[in-house]
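A look at the structure
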Amino acid sequence: MCGIVCYVGNKDAKPILLEGLKRLEYRGYDSAGLAVQDGEKIRWSRAVGKIVELESKLNGVEMKGTIGIAHTRWATHGEPSEENAHPQRDRDENVFVIHNGIIENYHTLRKKLEREGISFRSETDTEVLAHLIALNFTGDLSDAVRKTMSQVEGTFGIGVIHRFTPGEIVVARRGSPLIIGVSDEGHFVASDVAAMARYTNKVVHLEDNELASVTVDDFSISTAQAKHIVRSTETVEWRAQDAELNGFPHFMLKEIYEQPMTVKNAIRGRLEPGEGVPKLGGIMPVWDKLKECRHMVLVACGTSHYAACVGKYIFEKLTEIDTEVGLASEFRYRKLNFPPNTFVIAISQSGETADTLAAIREAKRKGASLLGIVNVVGSSISRETDAGIYNHAGPEIGVASTKNFTSQLTILTLLALLLGRHQSLSLTEGIQAIRALESLPDLMQRVLSQANHIEAISEKYYRCRNWLFLGRKYNYPIAMEGALKLKEVSYIHAEGYAAGEMKHGPIALINPEMPTVAIIPKDEMYEKMTSNIHEVKSRKGPVIAIATEGDDRIRDVVDDLIEVPATLDFLNPLLTVIPCQLLAYYCAKFLDRDIDKPRNLAKSVTVE
Ligand code: M6R
């Protein structure tokens, strides 16, 4: 989704802003722009398409100045066009604004401003902000922004410069993250630490309804009510090289290959093998309540939602807790009535997904305690939950989530195991689970070593326009995740189904042009899955099976076989998902898709 990067310092702003924008590309966008201030002169440029379009437009254009604001836009109000790109400006070109989020009362405000004689150049909600700030300006930019904040409804992260306050950027936040970065070269403000990772890892998070005036050597934070806030810097574990390709052709492939390491990171320091118990420092603040919990709700969107679906089965296996899964985008519209001591767990890579945030706010209102399973440290979900567990998976740049899915599954397993061991799970079962978790990274490596074989299978089928993914129990969500991955990056239509449901409808689609990916590890579902495979084969549908190593029985039935090593049944999804990720990646590669930035998608979905 939209990205913000601002800089005020002692260096030329233009190249720093362009580099920051490139580091935000992974979030998904359709146009970009920047404005650089030099005394009372502000020069700006915008372009539709990739950052390289903006860069080539700026080639040879003189744009001096050590202060500037820049933006990647993901269209919400108005099509992707140069006039709708940010920065937006007021009538006299004094105020320049970049904005993430949505101004919900923009229509009313726009009509009012038009009645007052202001004509609009764009279709954006952001332009309203530029005009309001200009009208509210009486010499102090922070005051003008503060007054504007009181007039608008909705969500925003904004960066503003004014021709008559050179040397100052004012930023403000309500619902859209903004982070101030402190470095020797000056100050940054961005919606994502990735934009400034090359310069600093010292950051200050702005909270909702706060604004900050940022200059070359200082920043001052205050509330919407003008109360001064003192907040010290935090250090983020984010290395610039983590956001580089390091020899891989795409971030998606790099991140698929990182999974043995990221799963190791998710369990590092969190196991007590002798006791058969994990230790999770992040949930200690709520432990007394949590260990008594008998009702749990996992809420999330997209891939994180499929992790939650696997998590439900894992909680049912290892604990006595009644667990349900809620799709975050629907959750807040339900009539929520939680039993006492309910925990709602938000699962989110970015920690900024608007639907997931809205779901936990509603759950809080209804009396639930909140936990977060989040990757981005300091993100909104990590701050709004009572306690939580970080994924420690490092930055995920590919828009298609891969390594975070397996980290989320690992953490859900640790949490279920911890709670289960305080309930009925025996020491032997605990030790067995911990040993199996510890061996996962090596097993994942074995799956990855079949990448060439999976590439060859993808080459055989990538022209098929419709695919079906089937699984049961722990692997039913993997069927849905496999289908989602294929859709996202290759634009091939795919459906993920519980295998038992196939005969209730999707079987009508089976034909020789429609491959079925059947996820059939050796577990209690094996025989039933085998029958489903036969049902597909009898209708001449090609079958690619993801099965346990050495399963010669299935080898004889299916067209193509991808083997995964044996592990405990509830850990199978951590292995079976890898072939699904690789099938999606290689099909997208053969179709020459923009794998890391698929069309229309955004990495972090910050609007509802
Ligand atoms: O950051 P989150 O985990 O909250 O994001 C949730 C979904 O938007 C995300 O998983 C999305 O479905 C990805 N594109 C999946 O690859």
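Scroll up for the structure.
Numbering of residues begins from 1 in every chain and follows the order in which that chain's sequence is written. Only residues with pLDDT of 70 or above have their local features reported here, since the model is predicted, and side-chain atom pairs are shown and tallied only from 80 upward, although totals for entire chains, interfaces and linings are computed over all residues. Hydrogens and water are ignored here; the side-chain numbers use all heavy atoms of the structure.

A pair of packed helices can be characterised by two numbers: the angle between their axes and the separation between those axes. Packing of helix α3 (residues 106-115) against helix α4 (residues 126-136) brings their axes to within 10 Å, and their N-to-C directions diverge by 55°. It follows that α3 is oblique to α4 by the angle criterion. Considering how the two elements wind past one another, α3 and α4 form a crossing that is left-handed. Between α3 and α4, the residues in contact are Tyr106, Leu109, Arg110 and Leu113 and Val128, His131, Leu132 and Leu135, respectively. Ten residues, namely Ala, Val, Leu, Ile, Met, Phe, Trp, Tyr, Cys and Pro, are considered nonpolar, four, namely Asp, Glu, Lys and Arg, are considered charged, and the remaining ones, Gly among them, are considered polar. Residue composition of the contact of α3 with α4, grouped by class: 6 nonpolar, 1 polar and 1 charged. Lines fitted to C-alpha atoms define the axes, with helix axes restricted to the stretch in contact, and inter-axis angles between N-to-C directions lie between 0 and 180 degrees. Strands here mean DSSP runs of E at least two residues long; helices mean DSSP runs of H or I at least four residues long; both are numbered from the N terminus. Under this scheme an angle from 65 to 115 degrees is roughly perpendicular, one under 35 degrees roughly parallel, and one over 145 degrees roughly antiparallel; angles in between are oblique. For a crossing to be left-handed, the near helix must be turned anticlockwise from the far one by less than a right angle; the clockwise case is right-handed. Contact definition: two residues touch when any of their heavy atoms are within 4.5 Å.

Turning our eyes to something else, we now look at the environment of Arg361. Along the chain, the position of Arg361 falls in helix α11 (residues 354-365). Given the relative accessible area of 30%, Arg361 is considered partly exposed. C-alpha separation for the pair Arg361 and Leu113, spaced 248 residues apart in sequence, amounts to 33 Å. Leave out the neighbours within four places in its chain, and Arg361 touches Asp208 and Glu384. Relative accessible area decides the class of each residue, using a 1.4 Å probe on protein chains only: under 20% of the type maximum gives buried, over 50% gives exposed, and in between gives partly exposed.

So, about unusual backbone geometry. Put simply, His86 and Pro87 share a cis peptide bond, and its omega is 5°. Residue placement: Pro87 occurs in the loop between β4 (67-73) and β5 (88-89). At Asn246, a residue that is not glycine, the phi angle is positive and equals roughly 45°. Relative to the helices and strands, Asn246 resides in the loop between β15 (234-235) and α6 (251-257). Since its relative accessible area comes to 53%, Asn246 is described here as exposed.

Turning our attention to the sheet that holds strand β12 (residues 210-214). Paired through backbone hydrogen bonds, the strands of a sheet run either parallel or antiparallel to each other. Taking strand neighbours across the sheet as the criterion, the 7 strands line up as β5-β6-β7-β8-β12-β13-β14 in an open arrangement whose pairing is antiparallel. Both outer strands of the open sheet, β5 and β14 (228-229), are each paired with one neighbouring strand and no more. The sheet contact formed by β5 and strand β6 (residues 95-100) spans 2 bridges and is antiparallel. Paired with Arg89 across the strands is Phe96, a residue of β6. On the sheet, α4 packs against β5, β6 and β7 (156-162) and is oriented at approximately 140° with respect to β6. Helix α5 (residues 141-151) rests against β7, β8 (169-174), β12 and β13 (219-223) of the sheet, and its axis sits at about 20° to β8. At least two bridges found by DSSP between two strands are what make those strands a pair.

The environment of the ligand is made up of 14 residues, and the closest members are Ser304, Ser348, Ser350, Thr353 and Glu488. Here a polar contact is recorded for every N or O atom pair within 3.5 Å, except that within protein the pair must consist of a potential hydrogen donor and a potential acceptor, and residues adjacent in sequence are included only if both atoms are side-chain atoms. Take Val399: an N or O atom from its main chain is 3.4 Å from a nitrogen atom of the ligand. Within the side chain of Glu488, an N or O atom sits 2.5 Å from a nitrogen atom of the ligand. Protein contacts shield 92% of the accessible area of the ligand, which totals 410 Å² for the unbound molecule. For the shell around the ligand, the secondary structure elements donating two or more residues are α9 (302-318) and α16 (476-490). Of the residues that constitute the shell around the ligand, the class distribution is 4 nonpolar, 8 polar and 2 charged. Only a single heavy atom is needed: when it lies within 4 Å of a molecule or strand, its residue is near that molecule or strand. Where accessible areas are quoted, they stem from the Shrake-Rupley method and a 1.4 Å probe; at the residue level, only the protein chains shown are allowed to cover.

Before going further, it helps to examine the packing of α9 against α16. One can describe the packing of α9 onto α16 by two numbers: an axis separation of 8 Å at closest approach and a directional angle of 170°. By the angle between their axes, α9 is roughly antiparallel relative to α16. On the side of α9, the interface is formed by Gly302, Thr303, Tyr306, Cys309, Val310 and Tyr313, while α16 contributes Tyr476, Pro477, Ile478, Met480, Glu481, Leu484 and Lys485. Classifying every residue of the contact of α9 with α16 gives 9 nonpolar, 2 polar and 2 charged.

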